[in-house]
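# Coordinates in review
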Amino acid sequence: MITKSLPIGFNRPHLTGREMLYISEARAAKHLSGDGEFTKRCNAWLEQHLGCAKALLTHSCTAALEMSALLLDITAGDEIIMPSYTFPSTANAFVLRGAQPVFVDIREDTLNIDERLVEDAITPRTRAIVVVHYAGVGCEMDAILDIARRHGLKVVEDAAQGVMARYKGRPLGGIGDLGALSFHETKNLISGEGGALLVNDGRLGQRAEIIREKGTDRTRFFRGEVDKYTWQEVGSSYLPSDLLAAFLYAQLEDAESITAERLRIWSRYHELLAPLEYTGQLRRPVIPAECEHNAHLYYVLMPQGVDRHGVLATFRQNGIAAIFHYVPLHISPAGRRYCRIHGDLRVTTQSAERVIRLPLWHGLDIAAQERVAAVLGTIHN
């Protein structure tokens with residue numbers, strides 16, 4: 001048994017110290033609803049740092065994905081290629097429009113969608129490819145964009161885990177036609193709940209504003225571009241409160257230092273666990289040379305045949321909150337009802353059964369990480 005001390009939680013939200021100050025400023029400005037001063041600051045920050053044509057804060061990454069489906073005019077009968085190893089929101093956004101997600105397998109190294117399998121899954125009904133940048137590690141975007149161009153398809157990036165990460169120097173979320181970010185409290189930069197839609201195709205910018213504002217041109221009205229606002233098309237209310245934006249802006253200001261600290265913690269795990277990988281007790285994450293990840297999470301893959309439930313129970317006995325990740329969508333009740341698979345999804349199924357996510361949060365100290373590594377060292381095939 002590993003010597004116990006204080007429990008190690010899986011996540012601990014990090015505060016910069018300016019969140020409450022900015023919330024007070026938003027309150028003093030007497031604009032608490034969406035698109036206040038802090039919302040505008042956050043949108044501008046995202047546009048500047050991620051290089052998108054337009055950034056729009058939303059109340060969740062789920063909302064941003066739903067906006068993507070509306071912007072692409074997805075309708076009943078359309079097909080959307082995506083991985084099964086993802087959160088339900090990735091599929092829900094398109095199922096809500098009547099489309100059918102088509103699941104293809106993931107790569108063994110990064111657990112991202114296997115770009116080599118995408119083209120064979122395309123049919124005359126395919127409208128878009130949705131990629132998920134797992135653990136803040138970029139998908140093979142050049143190959144995916146090339147496939148999309150040749151087949152006249154759109155590319156949506158589910159970059160919920162990808163803020164401040166890059167692929168070949170390009171920020172995740174800012175590469176495809178549309179991107180979606182998350183600022184949920186479990187992410188690197190947080191506002192409790194929250195997200196953003198990144199519009200990289202500038203032709204979609206005005207429609208994105210309309211869809212986000214209940215299908216009206218209210219945003220243009222407030223800019224003085226029209227003398228009244230009216231219902232223009234199908235939309236919904238996707239704006240977050242300016243109080244949440246005020247909280248988020250404090251996080252964005254420290255984005256570089258927050259990312260650097262998480263990378264230091266991630267690298268310590270990687271060093272501590274190297275001997276266990278060499279002896280075949282686990283497999284560490286793989287970061288391709290073209291990717292700059294953001295240390296969103298640190299996971300290990302246990303060998304085939306290891307009792308993962310037993311491993312997690314050992315962590316709990318030692319006061320450590322390690323957890324598994326996604327249940328693949330293709331084996332879920334809704335996945336069977338609304339989606340179809342292309343191929344056998346062998347890597348998805350096997351990897352999902354082997355993943356264990358380790359505690360990783362700003363301020364996690366070396367002693368805690370050594371305890372985590374020591375527990376993993378007691379696990380044998």
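Report follows, based on the coordinates.

Rules and cut-offs
Residues numbered from 1 in each chain as written. Predicted model: local features only at pLDDT ≥ 70, side-chain atom pairs only at ≥ 80, totals over all residues. Heavy atoms only, no water. Helix = DSSP H or I, 4+ residues; strand = E, 2+ residues; numbered from the N terminus. Rg over C-alpha atoms; globule rule 2.2 N^0.38 Å. Buried < 20%, exposed > 50% of the residue type's maximum accessible area, 1.4 Å probe, protein only. Pairing = 2+ DSSP bridges. Contact = heavy atoms within 4.5 Å. Axes fitted to C-alpha atoms, helices over the stretch in contact; angles between N-to-C directions. Right-handed = clockwise from strand over helix to strand, strands pointing away.

## Considerations on the overall build of the protein chain
The secondary structure content of the protein chain amounts to 13 helices and 13 strands. Since a compact globule built from 381 residues should have a radius of gyration of about 21 Å, the 21 Å found for the protein chain is in line with a globular shape. Here the C-alpha coordinates of the protein chain stretch approximately 70 × 55 × 35 Å along the principal axes. Classification of the 381 residues of the protein chain by burial places 56% in the buried group.

## Section: the sheet that holds strand β4 (residues 126-132)
Spatially, β1-β9-β8-β5-β4-β2-β3-β12 is the arrangement adopted by the 8 strands of the open sheet, whose pairing is mixed. Here the strands that pair on one side only, and so sit at the sheet edges, are β1 (54-58) and β12 (340-341). Note: strand β2 (residues 79-83) against strand β3 (residues 100-104), 5 bridges, orientation parallel. Residue pairing in the sheet places I81 in a bridge with V102 of β3. Here helix α2 (residues 37-50) sits on the sheet in contact with β1, β8 (178-182) and β9 (195-199), set at roughly 135° to β1. Contacts from helix α6 (residues 205-212) reach β1 and β9 within the one sheet, and its direction differs from that of β1 by about 10°.

## What to know about the sheet that holds strand β10 (residues 291-292)
The sheet built from 3 strands is open, its strands ordered β7-β6-β10 with antiparallel pairing. Here the strands that pair on one side only, and so sit at the sheet edges, are β7 (170-171) and β10. One ladder, built from 2 bridges, connects strand β6 (residues 166-167) with β7; its direction is antiparallel. Note on β7: the bridge partner recorded for Y167 is R170.

## Some details on the pairing of β2
Remark: a regular strand shows side chains that alternate across the two faces of the sheet. The buried count for β2 comes to 5 of 5 residues, which makes it a mostly enclosed element. Burial along β2 is two-sided: the residues E79, I81 and P83 and I80 and M82 are all buried. On the question of chirality, the crossover connecting β2 to the parallel β3 by way of helix α4 (residues 88-95) is right-handed. Pairing of β2 with β4 involves 3 bridges; the strand directions are parallel. Looking at the pairing, I80 lines up with A128 of β4.

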